[in-house]
Amino acid sequence: MLTRTFGYLVTWYNLLPPFATIYYILYIMLGVIHGTITYRLPEYCDTPSNVTCYKGDRAILQCCVKYLGTKQVIWKKVNENFALTYGEMVFVSDPDISIDHLPHREEWNLIISNVQTRHAGLYECQISTKEDLRKYVQLNVLDEPAPRRDAISIDGPQFVDKGKKLVLTCNATGQMFPPEDIDWFKDGQKIKQNQNRGISIAKFRIAKTKMLHSQMEIDKADMDDKGVYICRSSDLAITSTNVIVLNGSAKRSRKKIPPKLDENKHNVMKSAETNHMKRGGGNLNANPNHSDTSASTSAACNLAFLLQNGNTCTNLLTMLCCMFVALHICNRT
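Student: What exactly am I supposed to notice about the overall build of the protein chain here?
Tutor: When its secondary structure is counted, the protein chain shows four helices and 20 strands. The buried share of the protein chain, taken over its 333 residues, is 30%. Considering only contacts within the protein chain whose residues lie at least 6 apart along the sequence, 59% involve residues at least 24 apart. A total of about 23,000 Å² of accessible surface is found on the protein chain, and carbon and sulfur atoms cover 56% of it.

Listed below in structure tokens is the structure:
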């Protein structure tokens, strides 16, 4: 009995997927008939319908579509009978024409690199439906090159200690849109990301300011990392900076006093003490009442040493100090 019941359950389980599929199809058909499930037409987003570029610039004709579903976006020029693009496929041999689209995004932008006057005209972004859904974009091309301007800058330290992180940033601005790319060079050689050496390069665009930002980092700077770093945009704008790596671990040398100078000082002090003894001063350290005299004599010895080894200006100042000390000693005695 148990075996038969188990067999019935297995049979119903195997028949369940076909029944579920049929039920789902009937549910959709009844929903369409009764109007509970409706087909939603694709809609265009609000994008510029007039674009003006200089000759040689990069033109971007924007087309944004909501609820596209399985439909395709078609770009064509109004006065031509053939399509330029269908979905992500390009049907013309012009290498300057391409389509810009990311998966799960609503933008289907037509890109014309190195735009020329022959590219000027009215374009349409069409959707492959039985309904007539079109969006027109006018492209104007000025027959003159874009004015050059200082549109690139590089920031970062000029000095970095060995073993510390080196961070350089480059900002490049385009005429109509941000540049496509930024390259880094050191002493003329292109820099590439290298995880083993701790070199990383990050890039991101800021559409509002038409700027492309790039940041190059070296985790631990070495002495070989010193040199001239160059930042170049795809618009051929270029700038550079010089970086010096400091070897902070080097020990500072201490200046030693020559032994001869110490010997001269000892001889002068000994001579001054001997002269004091001859004048009847006795042992300077024997009598505690002569502590002031001992201090004065020590000062006199130091001044005499400066007098012997100093320059002209120092000698004059030293002579005046000696006279003051001598008068002080006389008054004390």
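The structure having been displayed, the exposition proceeds.
Student: Just checking my understanding: could you explain the sheet that holds strand β20 (residues 238-246) for this structure?
Tutor: Sheets are built from strands that pair by backbone hydrogen bonding, the pairs being arranged parallel or antiparallel. In spatial order, the strands read β13-β20-β19-β15-β16; together these five strands make up an open sheet with mixed pairing. A strand with exactly one partner marks an edge of an open sheet, and here the two such strands are β13 (159-161) and β16 (189-190). Of the pairings in the sheet, the one linking strand β15 (residues 182-186) to β16 comprises two bridges and is antiparallel in character. Counted as the bridge partner of Phe185 is Lys190 from β16.

Student: Got a minute to help me understand the pattern of salt bridges in this structure?
Tutor: Side chains carrying opposite charge are able to pair once their charged atoms draw close together. The tally for this structure, following the rule as stated, stands at 13 salt bridges. The salt bridge involving Arg134 is made with Asp132; its shortest N-O contact spans 2.5 Å. Exposure remark for Asp132: the relative accessible area of 58% places this residue in the exposed category. Three or more residues are tied together by salt bridges with common partners; here these are Glu124, Asp132 and Arg134.

Student: Is there a simple way to explain the sheet that holds strand β6 (residues 83-86) in this structure?
Tutor: Taken together, six strands build an open sheet; the order of strands is β2-β11-β10-β5-β6-β7 and the sheet is mixed. One side of each edge strand has no neighbouring strand; the edge strands of this open sheet are β2 (50-55) and β7 (89-90). By the bridge criterion, six bridges tie β2 to strand β11 (residues 134-145) in an arrangement that is parallel. Each bridged residue has a counterpart across the sheet, and for Lys55 the counterpart in β11 is Pro145.

Student: Help me understand the environment of Gln138, please; the structure alone is not making it clear to me.
Tutor: Along the chain, the position of Gln138 falls in strand β11. For Gln138, a relative accessible area of 25% puts it in the partly exposed group. Taking the C-alpha atoms as reference points, Gln138 and Leu61, separated by 77 residues in sequence, lie 8.6 Å from one another. Contact partners of Gln138, with chain neighbours within four places excluded, come to Ser49, Asn50, Val51, Gly121 and Leu122.

Student: Explain the nonpolar core here, please?
Tutor: Soluble, globular proteins show a tendency: their nonpolar side chains are buried together. Leu61, Trp75, Tyr123 and Leu139 are the most contacted members of the largest nonpolar core, which totals 23 residues. Secondary-structure elements contributing two or more residues to this core are β2, β3 (59-61), β5 (73-77), β8 (97-100), β9 (109-112), β10 (121-127) and β11. Contact partners of Tyr123, with chain neighbours within four places excluded, come to Leu61, Trp75, Lys76, Lys77, Val78, Leu84, Leu110, Ile112, Lys135, Tyr136, Val137 and Leu139. Of all hydrophobic cores here, the second largest spans 21 residues; its members include Trp184, Leu212, Tyr229 and Val243.

Student: Whenever I open this one, the state of the cysteines confuses me. Can you help?
Tutor: Tallied over the entire structure, the rule returns three disulfides. Shown here is the disulfide that connects Cys45 with Cys64, its sulfur atoms set 2.4 Å apart. One end of the pair, Cys45, is in the loop between β1 (43-44) and β2; the other, Cys64, is in the loop between β3 and β4 (65-66), with 19 residues separating them in the sequence. As far as burial versus exposure is concerned, Cys45 and Cys64 are alike and both buried. What pairs with Cys170 in a disulfide is Cys231, and their sulfur atoms sit 1.7 Å apart. Handedness of the Cys170-Cys231 disulfide follows from its S-S torsion of about -75°: it is left-handed. Of this pair, Cys170 sits in strand β14 (residues 166-173) while Cys231 sits in strand β19 (residues 227-233), placing them 61 residues apart in sequence.

Student: What's the story with the environment of Thr47 in this structure? I'm lost.
Tutor: Note on placement: Thr47 falls in the loop between β1 and β2. Through-space distance from the C-alpha of Thr47 to that of Lys135 is 9.7 Å; in sequence the pair is 88 residues apart.

The rules behind these values
Residues numbered from 1 in each chain as written. Predicted model: local features only at pLDDT ≥ 70, side-chain atom pairs only at ≥ 80, totals over all residues. Heavy atoms only, no water. Helix = DSSP H or I, 4+ residues; strand = E, 2+ residues; numbered from the N terminus. Buried < 20%, exposed > 50% of the residue type's maximum accessible area, 1.4 Å probe, protein only. Contact = heavy atoms within 4.5 Å. Areas by Shrake-Rupley, 256 points an atom, 1.4 Å probe, with all protein chains shown as cover. Pairing = 2+ DSSP bridges. Salt bridge = Lys/Arg side-chain N within 4 Å of Asp/Glu carboxyl O. Core = buried A, V, L, I, M, F, W, Y, C linked by side-chain atoms within 4.5 Å. Disulfide = S-S within 2.5 Å.

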